Amino acid sequence: MVPPVKKDRIITQLPKCFSPNTALHTKDGFHPQVKAVCEVQKTDTLSFNFAKVIVVGDVAVGKTCLISRFCKDAFDKSYKATIGVDFEMERFEVLGVPFSLQLWDTAGQERFKCIASTYYRGAQAIIVVFDLSSVSSLAHARQWLEDAMKENDPSSVLLFLVGTKKDLSSPDLLARIEQEAIRLSEEIKAEYWAVSAKSGDSIRDFFFRVASLTFEANVLSELEKNGSRHVTDIIKITGGTEVDRSAIKKKPDCC
Ligand code: GDP
Ligand code: MG
């Protein structure tokens, strides 16, 4: 039997963005239609239960540490290069619905690029990581995004630009590099975050935001795909109980 989701992975409210200027959206709560679906669904499951998330960026910018800090609450000072790809599955409950992030940690080295790129396909979110203490790693972010996008449909992928090692960056450098990162985020339509895997700063908030936005996007895309059908038709009723159709609106209130 699958163990229950850890109490600290339960999401009941849409987590806040890092900076409103570079947020994928700045609404206060989940989309009303998503809330309605989850409310009536109760113990039943939607026809998806996870989102594939790929994490890309230069060698040693902190991709593995970012994931380890969140999934294992651990930080390793020593550097161990990721070979090819690795992945972690992190379980959440969003609005009462079990949902997981499949986090693909890729190698930044050129010689592993072709192996890693075969895993890019079918991502719901792309996290482009750079080091807040290294200007060159930010300069390479656009190339990483382009490579990851070759394998994906731009209209259905959520982008995040994440600066790591905030603890290492001097206030001056941080201000300069952030200005550039925010400009790039606006241009590529990514949500910007600055975090530290060493101190844990903003790590949990960031992954909760990724889980919430991918969950919301998945529900909305499923509703859209099945636009002509009732919302309840796309919910697999595993409990056999009748659901309250009146709580569901047919069309989203906003885009
Ligand atoms: P990857 O190649 O992108 O996966 O990089 P790693 O996650 O393996 O990290 C590379 C190096 O940077 C390691 O020595 C880590 O200890 C260090 N590192 C990663 N994140 C941070 C951070 O937030 N702060 C500091 N000070 N060092 C970090
Ligand atoms: Mg790594």
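Nothing here was measured: the structure is a model prediction, and the numbers come from that model.

K.L.:
Got a minute to help me understand the pairing of strand β4 (residues 85-94) in this structure?
P.N.:
The side chains of a regular strand alternate, residue by residue, between the two faces of the sheet. Where strand β1 (residues 10-11) meets β4, two bridges bridge the pair, whose relative direction is parallel. Across the sheet, I10 pairs through a bridge with E93, a residue of β4. Relative to strand β5 (residues 97-106), β4 is paired through 10 bridges, and the arrangement is antiparallel. Within the sheet, the bridge partner assigned to R91 lies in β5 and is S100. Here β4 folds back onto β5, and the loop between the two strands holds two residues, one of which, L95, carries a positive phi near 50°.

K.L.:
What exactly am I supposed to notice about the nonpolar core here?
P.N.:
One recurring pattern in soluble globular proteins is that nonpolar side chains are buried together. In this structure, L101, I127, F160, F206, F207 and F215 are the most contacted members of the largest nonpolar core, which totals 41 residues. Secondary structure elements with two or more residues in this core: α1 (32-41), β3 (50-57), α2 (63-72), β4, β5, β6 (125-131), β7 (158-164) and α7 (203-225). Take this core: its biggest share by element is 10 residues, from α7. Those residues within four positions of L101 in sequence are excluded, and the remaining contacts are A51, V53, E88, M89, E90, F92, F207, V210, A211 and T214. In this structure, I54, I126, A141 and L159 belong to the second largest nonpolar core, which totals 26 residues.

K.L.:
Honestly, the sheet that holds β4 in this entry has me stumped. Any pointers?
P.N.:
Note: strands within a sheet are paired through backbone hydrogen bonds, in either parallel or antiparallel orientation. Reading across from one edge, β1-β4-β5-β3-β6-β7-β8 is the order of the seven strands in this open sheet, with mixed pairing throughout. With one partner strand each, in any of the chains shown, β1 and β8 (191-194) form the two edges of the open sheet. Strands β3, β6 and β7 of the sheet are contacted by helix α5 (residues 141-150), whose axis makes an angle of about 160° with β6. Strands in contact with α7 are β1, β3, β4, β5, β6, β7 and β8; relative to β5, the strand with the most contacts, it is inclined by about 115°.

Thresholds, definitions, all that
Residues numbered from 1 in each chain as written. Chains lettered and ligands numbered in written order. Predicted model: local features only at pLDDT ≥ 70, side-chain atom pairs only at ≥ 80, totals over all residues. Heavy atoms only, no water. Pairing = 2+ DSSP bridges. Helix = DSSP H or I, 4+ residues; strand = E, 2+ residues; numbered from the N terminus. Core = buried A, V, L, I, M, F, W, Y, C linked by side-chain atoms within 4.5 Å. Buried < 20%, exposed > 50% of the residue type's maximum accessible area, 1.4 Å probe, protein only. Contact = heavy atoms within 4.5 Å. Axes fitted to C-alpha atoms, helices over the stretch in contact; angles between N-to-C directions.

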